[in-house]
Amino acid sequence: MIKHKALLQCRVCGCLSHAPTQLKRFEVMHCPRCGARVKLAQQSTSVEVTWALLIAAAILYIPANLLPIMSVYMLGAGQPDTIITGVYHLLEAGQWPLALIVFVASIVVPLLKLFTLSFLLISIQRRSRWRQYDRMRLYRITEYVGRWSMVDVFVIAILTGLVQFGNLARVDANLGSLSFAAVVVLTMFAARTLDEHLIWDIAQQEEAQA
Amino acid sequence: MPEVESIACQECGQLHRYHAIAPGKTANCSRCGAVLYRNRPGMLDSVLALTLAGLTLFVLTNVFPLLGLRAQGAEQELHLLGASLAFWDQGYPVVAGLIVLNIIVFPVFELLTLLMVVLTIRYRWKPSMAIFLFRWMREFKPWGMLEVFMLGVLVAVVKLGDLATLIVGAAFWSFAGLILTMTAATALLDPFSVWRALEKNND
Ligand SMILES: [Zn+2]
């Protein structure tokens, strides 16, 4: 076995470096190869920061779904759409595959992301050793899938940019789209700040102590 | 440099010893099965070709209109930049900025970084700039959302389908090509080999 305790791994380039024997509380260590910040296990604030971002995202998830995200005006008359009514209109038009894509990307994925990240955080805080491999896979999937929630914001951008025929037809962005974009960004940051190695580290620490 | 090179799995942190593998082979983590490194002959040349193709396609995508709309005699065109800045006109500069970053700035940054990294390894330039760029490219990777934007274009196309006559512009196809080349470049590039090569340039 290679000695493990004193080695630190850079999250960006994977380079291993030796931990300094003494590091003051707010001192920062940089990866010798790529220069990214390397955090010591004991100064990691990953769990706290991820919780903060998740809670902020959960709060913003409410206006993101309740407020209208865009309004379509035809001949001066029009109605504002929330995400749900937008999905409903797609269904009405018989576009059920697209309705499904938008529903999953905009409503299910952010919600699932909030739940899975909370679940992973709680399991880390409880020092759980339960199905570590599956929990890591869950983290990878959550991290990858999250960016697809942005699709609705892009749709609004394309529609507002394209449909501008004066009084004939117009599409406006509404406040809900801002909250929605904020939810996507916050959950993406939350997934990034969660240090997934914590899932494995707990078992390792206990094995080392035993 | 130690005699035996230790490497850790990027996914789970398991330690391994580096040893050379045959061309075309892949080394996997013994604990979680993640890819540790690959030996791909000709990787740099392929990535260079894909990057140059990608840069060309990106220019084409920005020059030509992405979509056009014709309704009751009036016509409207949308360029990639116009779609990015649509939120700006609506009074949401933050979202507009976010979209510009996601579909213009980060993809260009990634392409230029790949170019710089490949050329640095090939011609043994001083690696400090390439290391700096490659680090940030890896950190910004999740924020490049070309393929997500493409799905957005498709949803918009279907939504507008019965509203008016839609013209799919030349940029639409070059954009699709851009996504394919960038995905191929990402799939081909082995980060471990790149870091190792850049590190060697320093000696
Ligand atoms: Zn592993």
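Predicted model only: the values in this text are computed from it and were never measured.

Focus: the interface of chain B and chain A
Each side of the interface is counted separately: chain B has 58 residues, and chain A has 60 residues. In this assembly, chain B packs against chain A so that about 5,400 Å² is buried in total across both faces, 72% of it on carbon and sulfur atoms. Inspection of the chain B/chain A interface yields two salt bridges. Among the salt bridges present, the one from A:Arg33 reaches B:Glu199, with a minimum N-O distance of 3.4 Å. Seen at the junction of chain B and chain A, the total is 13 residue pairs in polar contact (both at pLDDT 80 or more). At 11 residues, the largest contribution of residues to the side of chain B that touches chain A is made by helix 5 (residues 146–160) of chain B.

Comments concerning the packing of aromatic side chains
Within this structure, the stated rule accounts for 13 aromatic pairs over all chains. Aromatic rings pair up to connect B:Phe106, B:Phe109, B:Trp136 and B:Phe140 into one cluster.

Comments concerning the sheet that holds strand 5 (residues 67–71) of chain B
Residue and element names in this part refer to chain B. Read across the sheet, three strands follow the order 6-5-7 without closing on themselves; strand pairing throughout is antiparallel. A strand with exactly one partner marks an edge of an open sheet, and here the two such strands are strand 6 (74–78) and strand 7 (165–168). Within this sheet the neighbouring strands show an average axis-to-axis angle of 20°, counted without direction.

Concerning the UniProt feature "transmembrane region" (unreviewed entry) in chain A
Following the UniProt record, one finds the feature "transmembrane region" (unreviewed entry) at residues 49–76, 96–124, 145–163 and 175–194 of chain A. Between the C-alpha atoms that bound residues 49–76 of chain A the distance is 46 Å, and the span itself is 64% helix and 18% strand.

Some words on the packing of helix 1 (residues 46–66) of chain A against helix 6 (residues 175–193) of chain A
All names here are of chain A. In contact at an axis separation of 8 Å, helix 1 and helix 6 are set at 160° when each is read in the N-to-C sense. As judged from the angle between their axes, helix 1 and helix 6 are roughly antiparallel. Note that helix 1 runs across helix 6; the crossing there is left-handed. Contacts between helix 1 and helix 6 involve Ser 46, Val 49, Thr 50, Leu 53, Leu 54, Ala 56, Ala 57, Leu 60, Tyr 61, Pro 63 and Ala 64 on the former and, on the latter, Gly 176, Ser 179, Phe 180, Ala 182, Val 183, Leu 186, Thr 187, Phe 189, Ala 190 and Thr 193. In terms of residue class, the contact of helix 1 with helix 6 is made up of 15 nonpolar, six polar and no charged.

Some thoughts on the pairing of strand 5 (residues 70–74) of chain A
Residues and elements named next belong to chain A. Where strand 5 and strand 6 (residues 77–81) come together, five bridges link them in antiparallel fashion. Within strand 6, the position partnered with Val 72 by the bridge is Gln 79. Sheet topology note: the strand 5/strand 7 (residues 169–173) ladder contains five bridges and is antiparallel. If you follow Met 70 over to strand 7, its bridge partner there is Ala 173.

Details of the nonpolar core
Among the nonpolar cores identified, the biggest contains 99 residues, and B:Phe87, B:Phe149 and B:Phe175 are the most heavily contacted of them. Residue contacts for B:Phe149: discarding those within four places in its chain leaves A:Phe154, A:Ile158, B:Leu66, B:Leu80, B:Ala83, B:Ile103 and B:Phe175. With 29 residues, the next largest nonpolar core counts B:Val47, B:Leu114, B:Ile131 and B:Phe134 among its residues.

A word on the environment of B:Ile21
Residues and elements named next belong to chain B. Relative to the helices and strands, Ile 21 is located in the loop between strand 2 (15–17) and strand 3 (26–28). For Ile 21, a relative accessible area of 18% corresponds to the buried category. Note: C-alpha distance between Ile 21 and Thr 120 (99 residues apart in sequence) is 24 Å. The residues contacting Ile 21, other than those within four sequence positions of it, are Thr 26, Ala 27, Tyr 37, Arg 38 and Asn 39.

A short note on the packing of helix 5 (residues 151–162) of chain A against helix 3 (residues 93–123) of chain B
Between helix 5 of chain A and helix 3 of chain B, the least distance of the axes is 11 Å, while the angle of their chain directions is 105°. When the axis of helix 5 of chain A is compared with that of helix 3 of chain B, the two are roughly perpendicular. Each of A:Val153, A:Phe154 and A:Ala157 in helix 5 of chain A lies in contact with helix 3 of chain B, whose residues at this interface are B:Val95, B:Ile99, B:Asn102 and B:Ile103. Per-class residue counts for the contact of helix 5 of chain A with helix 3 of chain B are six nonpolar, one polar and no charged.

Overview of the side chain of B:Thr61
Residue and element names in this part refer to chain B. Mapped onto the elements of the fold, Thr 61 is located in helix 1 (residues 43–63). A polar side-chain atom of Thr 61 sits 3.5 Å from the main-chain amide nitrogen of Phe 175. For Thr 61, the contacting residues outside a window of four places in its chain are Leu 80, Ala 171, Ser 174 and Phe 175.

Here's the deal with the environment of A:Val109
Residue and element names in this part refer to chain A. Its place among the elements puts Val 109 in helix 3 (residues 96–125). Judged by its relative accessible area of 10%, Val 109 falls in the buried class. Not counting chain neighbours up to four residues away, the residues in contact with Val 109 comprise Val 104, Val 145, Gly 146 and Ser 149.

Structural notes on unusual backbone geometry
Residues and elements named next belong to chain B. Look at Arg 124: it is not a glycine, yet its phi comes out positive at around 55°. Along the chain, the position of Arg 124 falls in the loop between helix 3 and helix 4 (128–140). You can call Arg 124 exposed: its relative accessible area is 64%.

Reading the values: the criteria
- Residues numbered from 1 in each chain as written.
- Chains lettered and ligands numbered in written order.
- Predicted model: local features only at pLDDT ≥ 70, side-chain atom pairs only at ≥ 80, totals over all residues.
- Heavy atoms only, no water.
- Contact = heavy atoms within 4.5 Å.
- Buried area = accessible area lost by both parts, 1.4 Å probe.
- Salt bridge = Lys/Arg side-chain N within 4 Å of Asp/Glu carboxyl O.
- Polar contact = N/O pair within 3.5 Å; in protein donor to acceptor, adjacent residues only side chain to side chain.
- Helix = DSSP H or I, 4+ residues; strand = E, 2+ residues; numbered from the N terminus.
- Phe/Tyr/Trp six-rings, centres within 6.5 Å; stacked < 30°, edge-to-face > 60°.
- Pairing = 2+ DSSP bridges.
- Axes fitted to C-alpha atoms, helices over the stretch in contact; angles between N-to-C directions.
- UniProt positions renumbered as here; feature names shortened; annotations may be inferred.
- Parallel < 35°, antiparallel > 145°, perpendicular 65-115°, else oblique.
- Left-handed = near helix turned anticlockwise from the far one by under 90°.
- Nonpolar A, V, L, I, M, F, W, Y, C, P; charged D, E, K, R; others polar.
- Core = buried A, V, L, I, M, F, W, Y, C linked by side-chain atoms within 4.5 Å.
- Buried < 20%, exposed > 50% of the residue type's maximum accessible area, 1.4 Å probe, protein only.

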